[in-house]
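Each chain is listed here by its residues.
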Amino acid sequence: MNCNYCEWRCDLSKGNGICGRYIVSNGIIAEKEPMSWISYYFYRIEEMPFFHALPGAIVMQIGTKGCNASCDYCVNAHIAIKEEPGQTLKPITGKHLVQLAIDGGAGAVVFAINEVTVFLPSAIEAARAAHEAGLKVGCLTNGYLTEESANMLGNEMDFINISLKSISDEFYQKNLGLPSVKPILRNIKALSKLAHIEVLTPIVHEITHDEVLKIAYFIADVDENIPWHLFRLQPTYKRVDENPLDIGAMIKIVEQAKKILPFIYFGNFAGSQWVNTRCPGCGHVLVKRVCIGSCGSKFGSIDMDGNRCPKCGKNIPVIR
Amino acid sequence: MANIMLDVNGWQTVLNFETGEPVEDLNDLIMEDMMKITPALPYPGDTNPESVDWTVDVALAVSDYYNPDFIMLAFSTQQIIKINEQLTPEESVAINERIFKQVTRFLEKTDYEAMVIGMGGMQDIKGVIDQSKLSTGLTSTMCAYHYAGLFMSRENDADVIKNMEHIKYAITKDDFKAAHPEMKDAYYGMLPDYLLMSSDGYVFNEMGKRGIVHKKTPRMMHELPVYTTLERPNHILEVRGILERAMDEGKKVALIMLEGTGTEDFKFPYNMMGNQTEWFVHDQGLSQYLAVATGKPFYNYDYPPIVNSVNYLNTSEKYPYSQHFSVLPEDTIGRRPDKRTAAVGTRSGFIHETTMADICVECHSRQLSMSGVFVLVNDPKDV
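Residues numbered from 1 in each chain as written. Chains lettered and ligands numbered in written order. Predicted model: local features only at pLDDT ≥ 70, side-chain atom pairs only at ≥ 80, totals over all residues. Heavy atoms only, no water.

A count of helices and strands for chain B gives eleven helices and 20 strands. Its C-alpha atoms put chain B at 60 × 45 × 40 Å along the principal axes. Among the 383 residues that make up chain B, the fraction classed as buried is 62%. Partitioning the contacts of chain B with sequence separation of at least 6, the portion at a separation of at least 24 is 73%. (Helix = DSSP H or I, 4+ residues; strand = E, 2+ residues; numbered from the N terminus. Buried < 20%, exposed > 50% of the residue type's maximum accessible area, 1.4 Å probe, protein only. Contact = heavy atoms within 4.5 Å.)

Turning next to the packing of aromatic side chains. All chains considered together, the criterion is met by 31 aromatic pairs over all chains. Centroid distance Y169 of chain B to W279 of chain B: 4.7 Å. Interplanar angle 20 degrees. Geometry classified as stacked. With a gap of 110 residues between them, Y169 of chain B in strand β9 (residues 167-172) and W279 of chain B in the loop between β16 (276-277) and β17 (280-281) connect regions that are remote in the sequence. A relative accessible area of 29% places Y169 of chain B in the partly exposed class. Among the residues examined, W279 of chain B registers a relative accessible area of 13% and is labelled buried. With 5.2 Å between their ring centres and 55 degrees between their planes, Y227 of chain B and F268 of chain B make a pair best called tilted. Here F268 of chain B lies in the loop between β14 (253-258) and β15 (271-274) and Y227 of chain B lies in strand β13 (residues 223-228), a separation of 41 residues in the sequence. Aromatic rings pair up to connect Y147, Y169, F176, Y187, W279, F280, F298 and Y299 of chain B into one cluster. Stacked on the ring of F51 of chain A, the Lys or Arg R289 of chain A has its end atom at 4.0 Å from the ring centre. Looking at R340 of chain B, its charged tip hangs above the ring of Y66 of chain B, at a distance of 4.5 Å from the centre. (Phe/Tyr/Trp six-rings, centres within 6.5 Å; stacked < 30°, edge-to-face > 60°. Lys NZ or Arg CZ within 6 Å of the ring centre and 35° of its normal.)

Residues and elements named next belong to chain B. A large share of strand β10 (residues 194-198) lies buried, amounting to five of its five residues. Residues Y194, L196 and S198 of β10 are buried on one face, and the alternating residues L195 and M197, pointing to the opposite face, are buried as well. When strand β8 (residues 144-150) meets β10, the two strands line up antiparallel, connected through four bridges. Note on β10: the bridge partner recorded for Y147 is M197. Where β9 and β10 come together, five bridges link them in antiparallel fashion. Residue T172 lies in a different strand from β10, and its bridge partner there is Y194. (Pairing = 2+ DSSP bridges.)

Okay, the environment of D379 of chain B next. Residues and elements named next belong to chain B. By the secondary structure assignment, D379 is in the segment after β20 (369-377). Residue class for D379 comes out partly exposed when judged on its relative accessible area of 36%. D379 sits 327 residues away from V52 along the chain, and the two C-alpha atoms are 28 Å apart. D379 has contacts with M1, A2 and R335, leaving out every residue within four places of it along the chain. Within the local environment of D379, its side chain forms a polar contact with the backbone nitrogen of A2, the two atoms lying 3.0 Å apart. (Polar contact = N/O pair within 3.5 Å; in protein donor to acceptor, adjacent residues only side chain to side chain.)

Summed over all chains, the structure comprises 31 salt bridges over all chains. Between D103 of chain A and R154 of chain B there is a salt bridge, and its shortest N-O distance comes to 3.0 Å. Highlighted residues: D103 of chain A in helix α2 (residues 94-103) and R154 of chain B in the loop between β8 and α5 (157-162), drawn from two different chains. A salt bridge links R336 of chain B to E244 of chain B; its shortest N-O distance comes to 2.7 Å. Of this pair, R336 of chain B sits in the loop between α10 (309-314) and β18 (341-345) while E244 of chain B sits in helix α8 (residues 239-248), placing them 92 residues apart in sequence. Note on E244 of chain B: relative accessible area 15%, which makes it buried. (Salt bridge = Lys/Arg side-chain N within 4 Å of Asp/Glu carboxyl O.)

Keep in mind these values describe shape, not function.
Next comes the structure, spelled out in structure tokens:
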């Protein structure tokens, strides 16, 4: 019996799938530990990162464990890839989660920490409870999900951050253990029609000028208003001994790519000056942020007239 | 004007300390010199034992350059490693010995009179406090291991708290205010409805750790070991006064703070000093740094031991690169106007947020992810 949540389409009658989070139960594919969570905490939405959804909002970040990829630079390998002794999930109902979120001052629930595809039924159940209570819902995904799952996700989420780690199959095979980038490219196109999306490219390695431009052209072809986060990572997990990214060199590439996409951000390192949202029409700073280092940015201030630039009147795609 | 500099693997940027805005025309000779010093001293990382040596290398570089009358060295590496990694007994001994070897190196190479404080040992976690009967989640942070706050409480929570196991002390917001009426209004406003203190070794909120399983937790220490060549403190709140009096006598003083070091690990001859003010036991970390830097009791700080994460997250307008606070203490040993001061160490944020020394050099890390080196060059003094 094949699992249809992600593109691996594992045959679960032969045992655990790649992610190890689904089983066959009473003839159907079910989660091993439904509605059970490893962690929840409150952050600003910029730290997820989402820059064009609910600027400044406090969100409850929540997740489980496991992943369908095995990135050799995973920053959450302790829950996504490795099994740590003593690591347990705690059952929390959708209703109780929503209560905790509201008590914590959150305006949204965001499924993050690990890949949402490995707990999709629980994410959908919790998302529906959150929507019923008037909260927004978002998630982070590596995009390696089936068309059916992408459709479900797009219909249940208000905003989605999709990780596009490279444009080449070779990179995905070598560094993520995934056969191809093609399903991810397909899902970016599909999800952009169903929900607000932002694309994130984590960079732990030296990325070529050519590859940055290729990704920028791909995103622009889908929708030039999609925000793109170039997300610097400190070498970690299996790459911990590698040299860190040369930020100065990367900045020059980012400046080039800005000519292709109006909303490019380069952050996740302290002091970055490439995290503000500027009006593509007149350059006015619309949303000011401070990049405090690892794990994203802090919200500073917003200067918009509804969804328009207060200086030139240009329409800016931001969910308020 | 105070400036900060962030050095991320050699990429440097200078920002206004208070606003976080880039500094276009840097007119700060000290900062210009610090920008030349830091590239040779990249931070090895929170769980890398080489960070112990890094602290002393930086302290020696700052001492050579600035010749401060007061310098604080803060070593957090032992605590961070023991919380996050399962060490063998040999590894555990090795990290502790490394610290004392490096402290000795610093003292032998300089002419400072020392005050070395063991902030407390580590222990196995005895248990997780069951909070399932409370109406909502407790707030706890890594700034205070034995404390948690209940915000948004509901009527039946008082009875639940009375019956919770492993709670050593619980105080309501109003009882706290009645006991310490001199606290600032903002402090009172940030207090939780209930502030809870756990029994030694029992921990709160497992759900806020992103799945990280802690291997050890700090001991709750009613007394701390202290070695000094100066006057002997009987209580942690006396430390600042003793250091200041020594400086009045023309001595140069080094305050050396050792996180994760208790009596069993302390390699120098020591005496014990009090670490408790009324019911409040200073937890290993922030409250101890504030105690030695300000000499004030906990209810006179700018923030309570636990703040609501919503309040905390909302206060990022001032000092945006100070990770924990947007109100920084003004009356500290580091701000003494007639003496040069410096602070260095591996406890990201707390180094400058508590001492406010003339020059602060610390790692810039969040959730064990390293972001480089942070330098504060504070408002200039005429010394």
